[in-house]
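For reference, the chains in residue letters:
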Amino acid sequence: MGAVDVIPPARIIVLWLAALFSAYHLVLAAYSIGTPASPWPVVAAMVLYAGVTALSLWPTGAAVMPRWMAVLCLVAGILITVLVLSQLDGQVTNGYATWSVAAVGTLMTIVTVRGRALFGWIGIVVLGVSILAWSDPLRLTTTGWIGSAVWVGVAHALTHALSRASRDTTLFARAELDAAAWHATQEAQLTEGRHRLDNMNRVAGPMLHHIVDLDGVISAEDRRECLHLEGAIRDEIRGRHLLNEDVRTEVLAARRRGIEVTLLDDGGLEDLSARARERIHSRLASQISRSRADRLIVRTGVDSTTAAVTIVGLRVGDDPVAAVLGSEGDGDEVAEWLEIPKDGRER
């Protein structure tokens, strides 16, 4: 089943009021049906007015009237005016028999409210010219033409004001969303900065305190440990999703064994489930703990449909870039190669 458009209650109330007001003109037409020279053109005008008004007030349509419907209302207004006024004597007072003037004014007001003010004003002008052609200028005041013009003017002003208010509301809502997005970005950056500082303090804090305690005079072993800690801090930046506590521990242990470890997170792990990442981290930590290579390069397989992480172990003198790309230079030897798959099946 297709989606059913929900009509706002306020719009339903306005439509009912417009329908009742339009029906009032038909009541006046029926009441004064004996005044025209012939009632049949008036009856035809009543039927035409009822049909076009019902079409223009149909609740399931868009808020802005289609152009073809505005043209139809304009043509119908002209025909209604001609049908009714042609049966009346323009030199006498016809009372409610000139109901068509107010009726066409109401129809043009509806057209204006539904976003076609140009057609509404054209209809009012044509209505005034028709009255002048039928009788003298005084009839513009006695037949209700001035009131109709005022209604169209008020409708035009209100529609323009509401349209502008709607645009302003949209702009304010968009600005609010942009502000919220900016605030969220700032919060994320602040949180990320705090996270990095916490990691740096956790990794390097003890060594920094140790250096302070020694007044900066540190041993060769302490210098090597500083290099290992520098690599750990670099891992937090370049190997983000490759790391958990077990991987951090094994990477540091590997560096202390003399292995040069490089972690490169090129993306892809963040889309995996927590369980899959836990499996990958466990397998990665296990492989690093067993490695006896001189260099280890660990990178995510962002361009691979099967491998989540690739681990390459190299001997001294090997070209790490060539190994990661899958090619070997003269005398190069790949000591270890492991692909940790996304689906849990080793290859």
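Residues numbered from 1 in each chain as written. Predicted model: local features only at pLDDT ≥ 70, side-chain atom pairs only at ≥ 80, totals over all residues. Heavy atoms only, no water.

**Topic: the overall build of the protein**
Alright, step 1. Looking only at helices and strands, the protein features eleven helices and four strands.
Alright, step 2. Long-range pairs, those at least 24 residues apart, make up 67% of the contacts in the protein with a sequence separation of at least 6.
Alright, step 3. Summed over all atoms, the accessible surface of the protein reaches about 20,300 Å², with 63% contributed by carbon and sulfur. (Helix = DSSP H or I, 4+ residues; strand = E, 2+ residues; numbered from the N terminus. Contact = heavy atoms within 4.5 Å. Areas by Shrake-Rupley, 256 points an atom, 1.4 Å probe, with all protein chains shown as cover.)

**Brief notes about a nonpolar patch on the surface**
Alright, step 1. On the surface, Ile-146, Val-150, Val-154 and Leu-158 cluster together into a nonpolar patch covering about 340 Å² of accessible area.
Alright, step 2. Following the sequence through the fold, Val-150 ends up in helix H7 (residues 145–213). (Patch = residues over 30% accessible without salt bridge, like charges linked within 9 Å, V, L, I, M, F, W, Y side chains within 5 Å. Salt bridge = Lys/Arg side-chain N within 4 Å of Asp/Glu carboxyl O.)

**Brief notes about the packing of helix H4 (residues 99–113) against helix H5 (residues 117–134)**
Alright, step 1. Orientation of H4 relative to H5, taken along the N-to-C sense of each, is 165°, at an axis distance of 7 Å. By the criterion of interaxial angle, the relationship of H4 to H5 is roughly antiparallel. Classified by chirality, the crossing of H5 by H4 is left-handed. Residues Val-101, Val-104, Gly-105, Met-108, Val-111 and Thr-112 of H4 lie in contact with H5, whose contacting residues are Ala-117, Phe-119, Gly-120, Gly-123, Ile-124, Leu-127 and Ile-131.
Alright, step 2. Looking at side-chain class alone, the contact of H4 with H5 contains nine nonpolar, four polar and no charged residues. (Axes fitted to C-alpha atoms, helices over the stretch in contact; angles between N-to-C directions. Parallel < 35°, antiparallel > 145°, perpendicular 65-115°, else oblique. Left-handed = near helix turned anticlockwise from the far one by under 90°. Nonpolar A, V, L, I, M, F, W, Y, C, P; charged D, E, K, R; others polar.)

**Some words on the nonpolar core**
Alright, step 1. Counting residues in each nonpolar core, the largest one holds 33 residues, and the members touching the most others are Cys-73, Ile-80, Trp-99, Met-108, Val-111 and Ile-131.
Alright, step 2. For this core, the secondary-structure elements that each account for two or more residues are helix H1 (9–31), helix H2 (39–56), helix H3 (67–85), H4, H5 and H7.
Alright, step 3. Take this core: its biggest share by element is eight residues, from H3.
Alright, step 4. Residue contacts for Met-108: discarding those within four places in its chain leaves Cys-73, Leu-74, Phe-119, Gly-120, Gly-123, Ile-124 and Val-152.
Alright, step 5. With 22 residues, the next largest nonpolar core counts Leu-263, Ala-308, Leu-338 and Ile-340 among its residues. (Core = buried A, V, L, I, M, F, W, Y, C linked by side-chain atoms within 4.5 Å. Buried < 20%, exposed > 50% of the residue type's maximum accessible area, 1.4 Å probe, protein only.)

**Considering the sheet that holds strand S2 (residues 295–300)**
Alright, step 1. Spatially, four strands are ordered S1-S2-S3-S4 in an open sheet, and the strand pairing comes out mixed. Either end of the sheet is taken by a strand with one partner, and the two such strands are strand S1 (260–264) and strand S4 (334–341). Strand-to-strand, the axes of this sheet are offset by a mean angle of 10°, without reference to chain direction.
Alright, step 2. Bridge count for S1 against S2 is five bridges, and the pairing is parallel. For Leu-263, the partnering residue across the bridge sits in S2 and is Val-298.
Alright, step 3. The strands that helix H10 (residues 274–290) touches are S2, strand S3 (307–314) and S4; relative to S4, the one it contacts most, it runs at about 165°. (Pairing = 2+ DSSP bridges.)

**Looking at the pattern of salt bridges**
Alright, step 1. In the structure shown here, the tally under the stated rule is five salt bridges.
Alright, step 2. One salt bridge connects Arg-255 with Asp-235, and the closest N-O pair in it is separated by 2.7 Å. Residue Arg-255 is found in helix H9 (residues 245–256), and its partner Asp-235 is found in helix H8 (residues 220–238); the two are separated by 20 residues along the sequence. As far as the burial class goes, Arg-255 and Asp-235 line up, both buried.
Alright, step 3. Between Asp-266 and Arg-299 there is a salt bridge, with its nearest N and O atoms 2.4 Å apart. Of this pair, Asp-266 sits in the loop between S1 and H10 while Arg-299 sits in strand S2, and the two are 33 residues apart along the sequence.
Alright, step 4. Judged by relative accessible area, which is 35%, Asp-266 ranks as partly exposed.
Alright, step 5. If you follow the salt bridges from partner to partner, you end up with Glu-236, Glu-245 and Arg-248 in one network.

**Considerations on the packing of aromatic side chains**
Alright, step 1. In this structure the tally under the stated criterion is two aromatic pairs.
Alright, step 2. On the basis of an interplanar angle of 65° and a centroid distance of 6.2 Å, the ring pair of Tyr-49 and Trp-99 is categorised as edge-to-face. With Tyr-49 in helix H2 and Trp-99 in helix H4, this residue pair connects regions lying 50 residues apart in the sequence. In terms of burial, Tyr-49 and Trp-99 fall into one category: buried. (Phe/Tyr/Trp six-rings, centres within 6.5 Å; stacked < 30°, edge-to-face > 60°.)

**Examining H3**
Alright, step 1. Taking 1.5 Å of rise per residue, the 19 residues of H3 would be expected to cover 27 Å, and the 27 Å separating its terminal C-alpha atoms lies within 8% of that figure.
Alright, step 2. Met-69, Ala-70, Cys-73, Leu-74, Ala-76, Gly-77, Ile-80, Thr-81, Val-84 and Leu-85 are the residues of H3 that are buried. Mapping the buried residues of H3 onto a view down its axis gives an arc of 165°, with all of them on the same face. Residues of H3 that are exposed and angled more than 90 degrees away from the buried face: Arg-67 and Trp-68.
Alright, step 3. Where H3 is buried, its residues contact H2, H4 and H5. (Expected span 1.5 Å × (residues − 1). Arc of directions from axis to C-beta.)

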